[in-house]
Amino acid sequence: MSFSAVDITTEKDGGKSRDKKWPWYGAPIYAAICFALFYVSVLPSFYSYPDMLYQRDEAQHPDEFIGERSMKQLAEYASIGNKMSGSIANEVHTVNFLLRELQKIVDESRTDLYDIEVEKQYSSGSFYLWGMAMTYTNLSNVVVRITQKSQQNDNYLLVNSHYDSEVGTPAVSDDGVMVVIMLEALRVISRSEKTLAHPVVFLFNGAEEACMLGSHGFITQHRWAANCKALVNLDSAGAGGREILFQTGPNHPWLAKYYHQSAAHPFANSMAEELFQNNFIPSDTDFRVFRDYGNVPGLDMAHALNGYVYHTKYDNFKNIERGTYQSTGENVLPLVWALANAPELDDTAAHEEGHTVFYDFVGWFMLTYTESVSIAINVTVCLISLACIGISVYLMTMDNGADAVKAVFLRFGIIFLVQVGTVFVACGLTILVAVFMQAVGLSESWYYGHWMIFGLYFCSLFFVLGLLPAVYIGWTKRKSNMKLDQTIACFMHAHCIVMIVLCIIMTSLSIRSGYFPMIGIFFYTISVVVQITLKLSLKKSYFVTSHLICQVLPFIYYTYMCYAILIVFLPMQGRDGPDSSPDVLVSVFIIYMSVHFAGFIIPIMHKFRKPKIIFSIFGVLTIIFIILATTSAGFPFVKELAPQRYYVLHTTRTFHNADNTVKQDSGFYIQPVDTRLGELDDTTFQNREPSSWTDASCAAEPFCGLPIYSGRWIDWKDSARWIYSTPPQLPINIDLTEVSKASLGQNKVRYEFSLRASDRVMIYIAPMDQVKVSDWSFDKTPLDEGHTPPYLMYHIYSMTEEPFDFWVELEHEVSNTEGPYFKLVVSEHFLYHKEHYTEDFREFLGTFPDWTYTTDWFSSLESWVL
């Protein structure tokens, strides 16, 4: 950016003046300065962590979070291994670990100041979520309430994290690190003389990964649940790092205000909230359950660094970012204290004031304001910017007298149309490259090698954003008296107007992320105001210098946001499903992030000689990177660091047909979870059945007769693989007993069943033609809302030998007295019983390359016509 200080001179050429351009070799230097600014400002800010506090220094840091203690506790938690709900590891070993640590806290607490109550909760219940009617039995939570004896109050703050895990993972980050951070926060509070105006309930949740059943059990059944008025939810989708605040409220701006005031290391964004709530993020948290079933507003925070380890065995103690403990602790502890002392807890309903707009600026500071204030800010900034642009264009006429007014404004109008077309063509080309990459089977080439994104999508965008204006400037340079600086300024004015239109549209649609273009508009308007002031006072605007100085902060902010979203978002694309469009989504994100700064940075490159050649280099780079994507450099998956994921189930199936015949088979049911479907077709999957293998099953059986374990798998079934094999060894067989069948009048029948199976079962109910389910013992949401069958139910139990009893009532035609009335399918899943794997299953898993990761278990499915 040193070129910004160069003065503009003119020379006569055919009676017309034009600006002298800078040497062409200055362009790569300018680009290098931009990259250097990114590397020296954005990366250090993103990976900035406070120094860890050690136990030996605790006396010098009273009332402060001690990261070392959390790290030691996490090492012990990690040593327990996998902790699935219902397993001995979760229900006994992890619960005992928590109770031991909590007892230490109680023993060391200021008993003269605090009452601390510790409870184990076991809950059973039912509800509807993710297209499934869910039931659960005897799931565990560990619940703690701390109350300051001098501050009795019936309104509590709830802090939640979960200690259970997904299949095969020790869950050190998801969510062990938040568990130990809660323990340390509780310990510090229990020894402090600071005021704690409201009791705090620390919920250590034993069944989040099991469809968030633990939080449902607490908020609907625990004796303290009704007193919980606000929530801090702590979760993870990666391996630590800085936790991001990505959901607030809803409709309680005061919560974000306290985060703003309390968090020492803010990392928060309402854009992330809108992306999450519009299903761009393939995850969910307990925040939903507390909000929907307890009407508890709150803050939802999660780690998201290195999302490649999420729900894998690599989510271990070694891989967690060391700075996580102190950084998150120094945010969570003051936040809990602040919210526990918030007077708003005494009447949260009185403080429902709409949504919140919140965002940090590179982690340096944070801004929060209500949606109504956001509308006022966005509109005001846009209107002022339009006025300043109008004045700036008018001042361009002063060099040539009043007769030039019409010509200048006409030229500006043409430049505006050129810039609008340039933005659309740039966006179109970038998306076209993404569509091409997916169409030729080269999607996700950036999955681990993030540098591929620069060549594929940033370069294609910059290529058009620079080249088309360069062509226009070259074509008109001898047809106009407008100086080059003025032409460049007009292009940036035009781009600012495009951003204004975008901001106004987003604001009018109540999209709170409208603040994002507003920031760029605000800083650009400042530069225009500075130029106008200098022009009127000094008769010289110092256009390039003033513009680039004012672009430093927005450039840092937008590149920071771009980097943060890509770091979080890219690993998620490896588990977003085979029906997703990852390259298109990534290209759209890059367009949205980049267009806010590129339209104000790239035009300066027109000051250099040979601009068309310079911008064409970006296009050449795009082609080079497409070619690289076809080589090993573009292969997306890396052993242990970024593996390709598959669900692999060793399954046996039994179908009881209406004619009393029985069909049985067994095999390996493989469900890919990304779009690179053909990677193993010639090796591990070479004996797979043809893609049409599910056609007959789909016609005859609910959900194609597959032992699905998630509603998402229904949409993915066309990409599933099936390889016949020997059957698995089942420690428990499905034992379904028809307890009774009773007619209820002329057109109703009721079935009652008792089921013994593994601790996790999926039940499908598919009524026959002219038959409908009128009632059942499951959650009635699918019936009340008229969902289309087949219906999907999920049941889990823990540490009990009691059978699962359920009933179904059906309406049928009066003439149909004998049935059949419906098809009932039960699928049982053994998710943490590797000791029962057969040798065939182990050998098959061994055929997967080391750059893949299998989430594997065995299951059985049985179907009846009743």
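Before reading on, note that the structure itself is shown above.
Just so it is clear, the structure is predicted and the values come from calculations on it, not from any experiment.

### Considering the pattern of salt bridges
Applying the stated criterion to the full structure yields 32 salt bridges. Here Arg69 makes a salt bridge to Glu184, at a shortest N to O gap of 3.2 Å. One end of the pair, Arg69, is in helix H2 (residues 67–79); the other, Glu184, is in helix H4 (residues 172–190), and 115 residues separate them in sequence. With relative accessibility at 13%, the residue Arg69 sits in the buried group. Its relative accessible area of 0% is what places Glu184 among the buried residues. Taking the shortest distance from any N to any O, the salt bridge between Arg653 and Asp665 comes out at 2.8 Å. Of this pair, Arg653 sits in strand S12 (residues 644–656) while Asp665 sits in strand S13 (residues 662–672); the two residues are 12 residues apart in sequence, bridging distant segments of the chain. The exposure class assigned to Asp665 is buried, which follows from its relative accessible area of 12%. What emerges from the salt-bridge pattern is a single network uniting Glu58, Arg69, Glu184 and Arg187.

### Some remarks on the environment of Val440
Looking at where Val440 falls in the secondary structure, it is placed in the loop between helix H11 (405–439) and helix H12 (451–476). In sequence terms Val440 and Cys382 are 58 residues apart; their C-alpha atoms lie 42 Å from each other.

### A closer look at empty space enclosed by the protein
Evaluated as defined, the whole model comprises three cavities of 30 Å³ or more. Roughly 70 Å³ of internal volume is contained in the largest cavity. What lines the largest cavity is simply Phe46, Tyr47, Tyr49, Arg242, Phe267, Ala304, Leu305, Ile567 and Val568.

### Describing unusual backbone geometry
Omega for the peptide link from Asp174 to Asp175 comes to 20°, which places this bond in the cis form. Tracing the backbone shows Asp175 in helix H4. With an omega of 5°, the peptide bond running from Gly249 to Pro250 counts as cis. Relative to the helices and strands, Pro250 is located in the loop between strand S8 (244–249) and helix H6 (253–262). Positive phi, normally seen in glycine, also occurs at Asn138, with a value near 65°. Here the phi dihedral of Met799 falls at roughly 55°; this positive angle occurs in a residue that is not glycine. Looking at the secondary structure, you find Met799 in the loop between strand S19 (791–797) and strand S20 (804–811). In this structure Met799 comes out as partly exposed when scored by relative accessible area, which is 43%.

### A few points about the nonpolar core
Grouped together as the largest cluster of nonpolar side chains are 190 residues, with contacts concentrated most on Leu213, Phe218, Tyr515 and Tyr794. Leave out the neighbours within four places in its chain, and Tyr515 touches Asn269, Ser270, Met271, Val357, Tyr359, Tyr369, Asn378 and Tyr557. Judged by nonpolar contacts, the second largest core, of 62 residues, contains Met71, Ile105, Leu255 and Ala268.

### A look at a nonpolar patch on the surface
Taken together, the side chains of Ile375, Val379, Leu383, Leu386 and Ile504 make up a nonpolar region of the molecular surface, amounting to roughly 380 Å² of accessible area. Of all the elements, helix H10 (residues 371–395) adds the most residues to the nonpolar patch, at four residues. The exposure class of Leu386 is partly exposed, given its relative accessible area of 38%.

### Looking at the side chain of Glu184
Engagement of the side chain of Glu184 in a polar contact is seen with the side chain of Arg187, the distance being 2.7 Å. Look past the residues within four positions of Glu184 in its chain and what remains in contact with it is Phe65, Ile66, Arg69 and Ser70.

### Looking at the state of the cysteines
Enumeration according to the criterion identifies one disulfide in this entry. Each sulfur in the disulfide pair Cys698 and Cys704 lies 1.8 Å from the other. For the disulfide bridge between Cys698 and Cys704, the dihedral angle about the S-S bond is near 95°, and by the sign convention the bridge is right-handed. According to the relative accessible area criterion, Cys698 is partly exposed, its value standing at 30%. Cys34 forms no disulfide, and the closest cysteine sulfur to it belongs to Cys459, at a distance of 13 Å. With a relative accessible area of 9%, Cys34 lands in the buried category.

### Quick notes on helix H9 (residues 324–340)
Taking 1.5 Å of rise per residue, 17 residues should cover 24 Å, and H9 covers 24 Å from first to last C-alpha, within 8% of that figure. Across the 17 residues of H9, 15 count as buried, placing the element largely inside the fold.

### Considering H12
Between its first and last C-alpha atoms H12 spans 37 Å; for 26 residues at 1.5 Å apiece the expected length is 38 Å, and the two agree. Approximately 35° is the largest bend angle found in H12, and it occurs at Phe458.

### Here we look at the sheet that holds strand S15 (residues 735–743)
One open sheet holds the four strands; their spatial order is S15-S16-S20-S18, and the pairing between them is antiparallel. Only two strands of the sheet have a single neighbouring strand rather than two, namely S15 and strand S18 (772–776). Between one strand axis and the next, the sheet turns by 25° as a mean value, whatever way the strands run. As paired elements, S18 and S20 share four bridges and run antiparallel to each other. Along S20, the bridge assignment pairs Trp776 with Val808.

### Notes on the side chain of Asp360
Within the secondary structure, Asp360 sits in strand S10 (residues 356–361). No salt bridge is formed by the buried Asp360, whose closest oppositely charged neighbour, Arg242, lies at an N-O distance of 4.2 Å. Separated by 2.7 Å, the side chain of Asp360 and the backbone nitrogen of Gly363 make a polar contact. In terms of polar contacts, Asp360 uses its side chain to reach the side chain of Tyr560, at 3.1 Å. With near-sequence residues (within four places) excluded, Asp360 lies in contact with Arg242, Pro266, Phe267, Ala268, Phe365, Met366, Tyr557 and Tyr560.

What counts and how
Residues numbered from 1 in each chain as written. Predicted model: local features only at pLDDT ≥ 70, side-chain atom pairs only at ≥ 80, totals over all residues. Heavy atoms only, no water. Salt bridge = Lys/Arg side-chain N within 4 Å of Asp/Glu carboxyl O. Helix = DSSP H or I, 4+ residues; strand = E, 2+ residues; numbered from the N terminus. Buried < 20%, exposed > 50% of the residue type's maximum accessible area, 1.4 Å probe, protein only. 1 Å grid on protein atoms, 1.4 Å probe; cavity = no way out; pocket = protein on both sides within 12 Å on 5 of 7 lines; lining within 4 Å. Points joined across faces, edges and corners; volume = space filled by probe spheres on them. Core = buried A, V, L, I, M, F, W, Y, C linked by side-chain atoms within 4.5 Å. Contact = heavy atoms within 4.5 Å. Patch = residues over 30% accessible without salt bridge, like charges linked within 9 Å, V, L, I, M, F, W, Y side chains within 5 Å. Areas by Shrake-Rupley, 256 points an atom, 1.4 Å probe, with all protein chains shown as cover. Polar contact = N/O pair within 3.5 Å; in protein donor to acceptor, adjacent residues only side chain to side chain. Disulfide = S-S within 2.5 Å. Expected span 1.5 Å × (residues − 1). Bend = angle between axes of the 7 residues up to and from the residue. Pairing = 2+ DSSP bridges. Axes fitted to C-alpha atoms, helices over the stretch in contact; angles between N-to-C directions. Lys, Arg positive; Asp, Glu negative; His and termini not counted.

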